[in-house]
Amino acid sequence: MLLRHRSSLHGLFFSTPIMASHHFLHFKPTSSSLNYKSNIQPPHNFISSGLPSNSAPKLVSLSLKVSNSSFCSHASIPRPVSEVCLEKPDEEIVESQQLKLLRLKLEGIGIPCGSCRPGQTYGLLCPMCKGGESGEKKLSLFVAEDGNAAAWTCFRAKCGWKGTTRAFADVKSSYNTMRKVSRVKRIREISEEDLNLEPLCHDLREYFAERMISEETLRRNSVMQRRYENQIVIAFTYRRKGELVSCKYRDLEKKFWQESDTEKILYGLDDIDGASDIIIVEGEMDKLAMEEAGFRNCVSVPDGAPPKVSDKALPSHEQDTKYQYLWNCKEYLEKASRIILATDGDQPGLALAEELARRLGRERCWRVTWPSKNEKEHFKDANEVLMFMGPAVLREVIQTAELYPIKGLFNFRDYFSEIDAYYYQTLGSELGISTGWKAMDDLYNVVPGELTVVTGVPNSGKSEWIDALLCNLNENVGWKFALCSMENKVREHARKLLEKHLRKPFFDVRYAKSVERMSPQELEAGKQWLSDTFHLIRCENDCLPSISWVLDLAKAAVLRHGVNGLVIDPYNELDHQRPPNQTETEYVSQMLTSVKRFAQHHSCHVWFVAHPKQLQQWTGKPPNLYDISGSAHFINKCDNGIVIHRNRDPEAGAMDLVQVCVRKVRNKVSGTIGDAYLTYNRYVASNNL
């Protein structure tokens with residue numbers, strides 16, 4: 001389990017991110033009620049300083065006007081950090097050479113710091129994300145006491161840019177001091193009175209009612225409002241054990257910001273205290289929507305979703321700043337045995353679900369599938385489903401959540417469509433393709449994605465039989481092939497294939513004057529057929545190819561040319577790069593596993609020709625698959641095992657008879673063990689070899 005213990009660290013460095021400028025609701029002076037469609041006033045900031053107590057900013061009086069009446073509130077709203085840091089006049093500050101150089105370095109990477117002073121934290125506009133559409137100043141910059149070093153990070157959820165720099169590399173003390181100070185972050189204690197929170201007005205309650213959120217749900221979740229000058233915003237209060245921990249604001253333009261320097265926790269945390277089943281959503285509105293559907297055991301993340309899943313390793317809990325709220329809520333989350341991830345259905349929402357599953361453990365996570373809105377779209381989140389489909393449909397979505405997928409772990413239901421296609425025989429060649437020889441139809445058929453090992457004593461016709469098989473498959477079903485044939489010269493291999501395809505000799509046959517040689521026109525057509533049907537895998541120098549080199553080129557042939565079959569002839573001619581601490585048996589097992597994975601992944605049938613070891617006191621009978629030189633894994637790993645044998649004794653039978661011994665068939669649907677006999681004639685157009 002990833003959640004180990006709660007961290008007392010709350011950030012990478014001492015920071016006071018400046019909250020974004022946001023539009024609020026404007027009150028018309030002629031009306032006593034809230035009109036959230038009225039004109040938008042100039043933006044204002046909620047800003048909190050992270051300075052030590054002896055540098056506390058001065059308080060200001062704020063005048064708020066509603067209708068024709070007004071009142072004055074001495075709210076404790078600090079000035080912006082940049083103003084606070086300039087309490088000392090510029091002329092009294094003597095800048096060091098290293099501070100000047102540090103500023104030049106920071107400005108060189110786009111961080112404006114002309115008025116920044118040592119020992120302070122500043123909220124600036126991030127040069128990487130430009131603050132997003134709303135221009136949020138979320139870049140927190142800390143300058144060390146001696147002005148030699150600086151550290152920064154962007155607290156926008158979709159950015160997160162951070163880094164450090166120094167004026168002089170040989171000055172160590174300032175950098176170490178900065179790192180020590182940066183790990184200290186004070187957590188503000190807040191209250192409803194401090195924030196001037198108040199109950200929701202009539203118009204905001206109507207706003208929630210349009211989104212199917214009842215007043216009872218709003219009261220139970222302590223949804224409030226905050227006034228600032230002549231504007232108003234929704235305030236979602238974040239509580240733990242009933243105590244206010246943080247507050248997140250939202251205007252009706254759907255812009256969000258939070259109280260700075262407060263602890264990050266899940267929204268609605270008390271609702272999952274001791275729960276074995278919990279639901280995690282992406283926004284506070286979705287949390288409220290879940291309650292309308294009957295689910296109180298739901299929480300929302302505070303910071304929204306990332307743009308994509310991180311490709312980095314999972315950080316330690318001290319460095320996991322983006323998801324620190326999970327670590328802060330560890331004692332609540334670790335009790336849950338089932339966590340339903342009901343994040344938004346867009347790409348960032350899916351990325352958030354994956355990041356949560358990485359940290360919470362995929363084995364106890366479920367995920368929801370939002371229902372279709374129309375032929376092209378799905379509903380985005382829980383609140384949309386509640387508004388347009390009602391609480392019953394939202395309840396059904398949660399109740400039918402599916403197990404969160406774990407890579408490499410599947411269920412048969414994931415393959416039901418494939419099983420149906422197999423049963424109704426709509427998969428085409430999955431039941432096997434005929435070799436073109438009727439005598440073999442009951443014994444051996446070619447199935448895509450399988451490995452066939454072919455062996456036989458030298459000069460038995462193994463390569464000839466495979467060449468004839470490839471010609472049949474091309475003629476009958478149009479298959480294409482990649483050939484890695486190390487024992488054949490290209491011109492010799494081309495001659496053999498053309499003779500089988502055209503059923504005419506490449507040269508004049510002196511002992512058979514009646515047999516007509518292929519014409520130049522047939523040769524040209526045959527060359528085009530060779531070019532369209534076969535792709536060669538060959539080393540351009542004298543070195544031997546390794547199996548990984550062959551499979552890489554075969555993969556390219558599959559993807560680029562659509563080949564259906566690969567021939568490796570023979571195994572003995574490969575460069576076997578076996579480690580010195582690995583036995584031949586282990587090497588062969590590993591190699592054949594790689595070949596099988598290639599075949600299965602690319603639905604490409606592989607024929608692997610392997611010579612038998614030297615047979616002592618050979619009696620002329622067909623060898624066994626266990627006689628293959630190298631390892632018994634050749635028969636153990638293959639899907640099909642075939643021995644090609646030719647009679648060499650005139651007294652034992654016909655010399656042109658080829659015995660095809662099928663000695664292993666893993667897929668009983670495509671064949672069985674047995675022998676077939678084919679006759680061999682180079683120039684007769686017939687079904688027999």
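In the annotation of an unreviewed UniProt entry, the chain is listed under the name SF4 helicase domain-containing protein and assigned to Centaurea solstitialis.

So, on to helix H2 (residues 97-108). Here H2 is 12 residues long and its end C-alpha atoms lie 17 Å apart, about the 16 Å a rise of 1.5 Å per residue gives. Within H2, the full set of buried residues consists of Gln98, Leu99, Leu102, Arg103 and Leu106. For H2, the angular spread of buried residues about the axis comes to 140°, placing them on one side. Exposed and facing more than 90 degrees away from the buried side of H2 are Gln97, Leu104 and Gly108. Among the structural elements, strand S4 (139-143), strand S5 (149-154) and strand S6 (162-166) are those in contact with the buried residues of H2. Gly110 lies just past H2 and shows a positive phi near 95°.

What follows deals with the pairing of strand S8 (residues 223-228). On any regular strand, side chains alternate: one points to one face of the sheet, the next to the other face. For S8, the buried fraction is high: 5 of the 6 residues fall into the buried class. Relative to S8, strand S7 (residues 197-198) is paired through 2 bridges, and the arrangement is antiparallel. By the bridge assignment for S8, Glu198 is matched with Gln225. Examined bridge by bridge, S8 and strand S9 (residues 231-240) share 6 bridges and lie antiparallel to one another.

Right, let's talk about the nonpolar core for a bit. Phe208, Met290 and Trp370 are the most contacted members of the largest nonpolar core, which has 63 residues in total. In terms of residue count, the dominant contributor to this core is helix H10 (residues 347-360) (5 residues).

With mixed pairing, 5 strands are arranged side by side in an open sheet as S13-S12-S14-S15-S16. On the outer flanks of this sheet lie strand S13 (298-300) and strand S16 (402-403), each paired with one strand and no other. Sheet topology note: the strand S12 (residues 277-281)/strand S14 (residues 338-342) ladder contains 5 bridges and is parallel. Bridging from a neighbouring strand, Ile278 pairs with Ile339 of S14. Where helix H7 (residues 284-292) meets the sheet, its contacts fall on S12, S13 and S14, and the angle it forms with S13 comes to roughly 170°. H10 contacts S12, S14 and strand S15 (365-367) of the sheet and is inclined by roughly 165° relative to S14.

Quick notes on the rules
Residues numbered from 1 in each chain as written. Predicted model: local features only at pLDDT ≥ 70, side-chain atom pairs only at ≥ 80, totals over all residues. Heavy atoms only, no water. Helix = DSSP H or I, 4+ residues; strand = E, 2+ residues; numbered from the N terminus. Expected span 1.5 Å × (residues − 1). Buried < 20%, exposed > 50% of the residue type's maximum accessible area, 1.4 Å probe, protein only. Arc of directions from axis to C-beta. Contact = heavy atoms within 4.5 Å. Pairing = 2+ DSSP bridges. Core = buried A, V, L, I, M, F, W, Y, C linked by side-chain atoms within 4.5 Å. Axes fitted to C-alpha atoms, helices over the stretch in contact; angles between N-to-C directions.

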